[in-house]
Amino acid sequence: MRIRRVPDGWQPPAPPDGLAGWQRPVVAEPTERPEFDWASRGAMHVGTVVHRWLQEIADAGPERFAPARIESLHPVFRRELLRLGVPSPAVGESARRVSEALIATLADDRGRWILDNVHARGAAELALNTCVSGEVRRLVIDVTFLCPDGQRWIVDYKSSSHSGGGLEQFLASEGERYRLQLRQYRDALARQYSEPIRTALYFPLLQILREVDVDTG
């Protein structure tokens, strides 16, 4: 293969008519994505593994994952967390939290309702592109599905936990933190579906489904 040098002062030719001024659109993650300053990197990796296995459970069906099976997957969770960068001294506790989150979700009526794979027109880890303020952004929706009453739900999993008092304040704060993100999800799906769309956060470790009104605040 021969390499030819261009002469000094060379400039590319002008673009054809109709392409002048064209620029490739910028693909960006949402700039308003919430900062995880409150969570350690290990906690984020726990969330990643929990998300992956909630998708696996939704695809296969919750009835196939008894608590004993979740516990038997503990070594798998450890390996996945190690690959993500969780240090060895912390990986045992992190894997335990993954198991706890999955078992809690399966023990919760609302958690099983979200994971039910018989929902119409449902999808987990749904990736799509949307345009926000002139930028093309890639979004990934944890789970969305259509209910028999004709309403579509978007649910975003949050693997954070909360202990002590102030639970309602914590939930309200999380709703505010993720309101804009959920609004972007809603607006993106509204371009594809005509049915009413409701948005919510689900906290596996707390067994709480918190609906978020994205048109307020």
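Residues numbered from 1 in each chain as written. Predicted model: local features only at pLDDT ≥ 70, side-chain atom pairs only at ≥ 80, totals over all residues. Heavy atoms only, no water.

A. Spotlight on the packing of aromatic side chains. Following the criterion strictly, the structure yields four aromatic pairs and no others. For the pair Trp 113 and Trp 153, a centre-to-centre distance of 5.4 Å together with 85° between the ring planes defines the contact as edge-to-face. Taken as a pair, Trp 113 in helix 5 (residues 109-115) and Trp 153 in strand 4 (residues 152-157) lie far apart in primary sequence, 40 residues in all. For the pair Phe 170 and Phe 203, a centre-to-centre distance of 5.9 Å together with 55° between the ring planes defines the contact as tilted. Of this pair, Phe 170 sits in helix 6 (residues 167-190) while Phe 203 sits in strand 5 (residues 197-203); the two residues are 33 residues apart in sequence, bridging distant segments of the chain. The burial state of Phe 170 is the same as that of Phe 203; both residues are buried. (Phe/Tyr/Trp six-rings, centres within 6.5 Å; stacked < 30°, edge-to-face > 60°. Helix = DSSP H or I, 4+ residues; strand = E, 2+ residues; numbered from the N terminus. Buried < 20%, exposed > 50% of the residue type's maximum accessible area, 1.4 Å probe, protein only.)

B. Representation of helix 3 (residues 74-84). Taken together, the buried positions of helix 3 are occupied by Phe 77, Glu 80 and Leu 81. Seen end-on, helix 3 carries its buried residues on one side only, within an arc spanning 100°. (Arc of directions from axis to C-beta.)

C. Quick look at the packing of helix 1 (residues 41-60) against helix 3. In the contact formed by helix 1 and helix 3, the axes pass within 10 Å of each other and the chain directions differ by 130°. Classified by the interaxial angle, the pair formed by helix 1 and helix 3 is oblique. Relative to helix 3, helix 1 is oriented so that their crossing is right-handed. Where helix 1 abuts helix 3, its residues His 45, Val 46, Thr 48, Val 49, Arg 52 and Trp 53 lie against Val 76, Phe 77, Glu 80, Leu 81 and Leu 84. Residues that form the contact of helix 1 with helix 3 fall into these classes: seven nonpolar, two polar and two charged. (Axes fitted to C-alpha atoms, helices over the stretch in contact; angles between N-to-C directions. Parallel < 35°, antiparallel > 145°, perpendicular 65-115°, else oblique. Left-handed = near helix turned anticlockwise from the far one by under 90°. Contact = heavy atoms within 4.5 Å. Nonpolar A, V, L, I, M, F, W, Y, C, P; charged D, E, K, R; others polar.)

D. The arrangement of the pairing of strand 3 (residues 135-146) in detail. Pairing of strand 2 (residues 120-132) with strand 3 involves ten bridges; the strand directions are antiparallel. Bridged to Leu 128 within strand 3 is Leu 139. Pairing geometry for strand 3 and strand 4, over four bridges, is antiparallel. Residue pairing across strands places Phe 145 opposite Trp 153, the latter belonging to strand 4. Counted between consecutive antiparallel strands, the loop separating strand 3 from strand 4 contains five residues, among which Gly 150 sits at a positive phi close to 90°. (Pairing = 2+ DSSP bridges.)

E. The nonpolar core, seen in detail. In terms of nonpolar packing, the biggest core is built from 30 residues, with Phe 77, Leu 81, Val 98 and Leu 102 touching the most fellow members. Mapped onto this core, the elements with two or more residues apiece are helix 1, helix 3, helix 4 (88-107), helix 5, strand 3, strand 4 and strand 5. Here the element with the most residues in this core is helix 1; it accounts for seven residues. Residues in contact with Leu 81, not counting those within four places in the same chain, are His 45, Val 46, Val 49, Val 86, Val 91, Ser 94, Ala 95 and Val 98. (Core = buried A, V, L, I, M, F, W, Y, C linked by side-chain atoms within 4.5 Å.)

F. Representation of unusual backbone geometry within the structure. Even without being glycine, Glu 125 reaches a positive phi, approximately 50°. Mapped onto the elements of the fold, Glu 125 is located in strand 2. Relative accessible area serves as the criterion here: at 28%, Glu 125 is assigned to the partly exposed category. Of note, Gln 207 is a non-glycine position whose phi angle comes to about 55°, a positive value. With respect to the helices and strands, the residue Gln 207 is situated in the loop between strand 5 and strand 6 (208-211).

Geometric descriptors of this kind do not, in isolation, establish any biological role.
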